[in-house]
Amino acid sequence: IDVYQAWCGPCKAVMNLFRKLKNEFSEDDVLHFAVAEADSIPTLQPFRNTCEPVFLFCVNGKIIAIVRGVNAPLISKKV
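As a starting point, this report considers the structure included with it. (Residues numbered from 1 in each chain as written. Predicted model: local features only at pLDDT ≥ 70, side-chain atom pairs only at ≥ 80, totals over all residues. Heavy atoms only, no water.)

## Examining the nonpolar core
By size, the foremost hydrophobic cluster in this structure holds 11 residues: Cys 11, Val 14, Leu 17, Phe 18, Leu 21, Leu 31, Phe 55, Phe 57, Ala 65, Val 67 and Ile 75. Broken down by secondary-structure element, the contributors of at least two residues to this core are helix H1 (15-24), strand E3 (54-59) and strand E4 (62-68). In terms of residue count, the dominant contributor to this core is H1 (3 residues). When sequence neighbours within four positions are dropped, the list of residues in contact with Leu 21 reads Leu 31, Phe 33, Ser 76 and Val 79. Counting residues in hydrophobic clusters, the runner-up holds 7 residues, among them Val 3, Ala 38, Phe 47 and Leu 56. (Core = buried A, V, L, I, M, F, W, Y, C linked by side-chain atoms within 4.5 Å. Buried < 20%, exposed > 50% of the residue type's maximum accessible area, 1.4 Å probe, protein only. Helix = DSSP H or I, 4+ residues; strand = E, 2+ residues; numbered from the N terminus. Contact = heavy atoms within 4.5 Å.)

What follows is the structure in structure tokens.
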């Protein structure tokens with residue numbers, strides 16, 4: 001999940017990376033990408049008021065990893 005602030009929008013710098021990763025997985029049910037505006041979701045309050053993007057990795061509704069900032073190698077490794 002790409003967690004973003006309302007004033008800046010989702011991170012465009014990683015869109016191509018996400019497309020590439022999605023294409024590497026042949027099953028659509030295995031990998032899903034989403035965006036979430038931290039300002040409008042109470043659960044995401046800890047991620048508000050930061051200048052860097054935050055990426056949450058979830059399995060069965062639980063956060064298993066967090067990547068702060070655009071770090072393509074780390075994001076790929078977490079996926």
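## Here's the deal with the environment of Tyr 4
As for its placement among the helices and strands, Tyr 4 is situated in strand E1 (residues 2-4). Once the C-alpha coordinates of Tyr 4 and Ala 36 are considered, the two residues, 32 residues apart in sequence, prove to be 6.3 Å apart. When sequence neighbours within four positions are dropped, the list of residues in contact with Tyr 4 reads Gly 9, Pro 10, Val 35, Ala 36, Glu 37 and Ala 38.

## Describing the environment of Cys 11
Checked against the element boundaries, Cys 11 lands in the loop between E1 and H1. Measuring from C-alpha to C-alpha, the distance between Cys 11 and Val 35 comes to 9.1 Å, with 24 residues separating the pair along the chain. When neighbours within four sequence positions are excluded, Cys 11 is seen to be in contact with Asp 2, Pro 53, Phe 55 and Val 70.

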